[in-house]
Amino acid sequence: MSQPSKTIHVSIMGKDYPVGCPEGQEEQLLTSARYVNEKMQRIRAGSRSVGLDRIAVMAALNIAHELIQQQLTQQQKEETVS
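Residues numbered from 1 in each chain as written. Predicted model: local features only at pLDDT ≥ 70, side-chain atom pairs only at ≥ 80, totals over all residues. Heavy atoms only, no water.

(A) Main features of the overall build of the protein. Each helix and strand in the protein was counted, giving two helices and two strands. Put simply, the protein runs from its N terminus to its C terminus through helices and strands in the order β-β-α-α. Radius of gyration (C-alpha) of the protein: 16 Å, far over the 12 Å computed for a compact globule of 82 residues. Principal-axis analysis of the C-alpha atoms gives the protein an extent of 45 × 45 × 20 Å. Expressed as a percentage of the 82 residues in the protein, the buried residues total 18%. Contacts in the protein between residues far apart in sequence, at least 24 positions, make up 27% of those at least 6 positions apart. With an accessible surface of roughly 6,400 Å², the protein has 55% of that area assigned to carbon and sulfur atoms. In the protein, 9 positive and 9 negative side-chain charges are present, and the distance between their average locations comes to 11 Å. (Helix = DSSP H or I, 4+ residues; strand = E, 2+ residues; numbered from the N terminus. Rg over C-alpha atoms; globule rule 2.2 N^0.38 Å. Buried < 20%, exposed > 50% of the residue type's maximum accessible area, 1.4 Å probe, protein only. Contact = heavy atoms within 4.5 Å. Areas by Shrake-Rupley, 256 points an atom, 1.4 Å probe, with all protein chains shown as cover. Lys, Arg positive; Asp, Glu negative; His and termini not counted. Charge placed at Lys NZ, Arg CZ, Asp CG, Glu CD.)

(B) Spotlight on the pattern of salt bridges. One pass over the structure, following the stated rule, counts four salt bridges. In this structure, lysine 6 engages glutamate 26 in a salt bridge whose closest nitrogen and oxygen atoms are separated by 3.3 Å. Of this pair, lysine 6 sits in strand β1 (residues 5-12) while glutamate 26 is found in helix α1 (residues 26-45), placing the two residues 20 residues apart along the sequence. The exposure class assigned to lysine 6 is partly exposed, which follows from its relative accessible area of 36%. For the salt bridge of glutamate 38 with arginine 42, the shortest nitrogen-to-oxygen distance reads 2.9 Å. (Salt bridge = Lys/Arg side-chain N within 4 Å of Asp/Glu carboxyl O.)

Listed below in structure tokens is the structure:
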């Protein structure tokens, strides 16, 4: 059975997006939206690319890279402990 959800509105790059969010996870969603917005703002400020779709893809790639680096670091720590 799925958790009840409600719609939360987040603002990214000045645009409002309604997003379904499970009850009790609203703050995590808002924190995630702020993080994505910050990444996208930095990319826009540091490049000549003004296309929102390109900025979004670059932000997604950067965030995925950060996640993979953290996973690899965690895996290496676990292997060291074993």
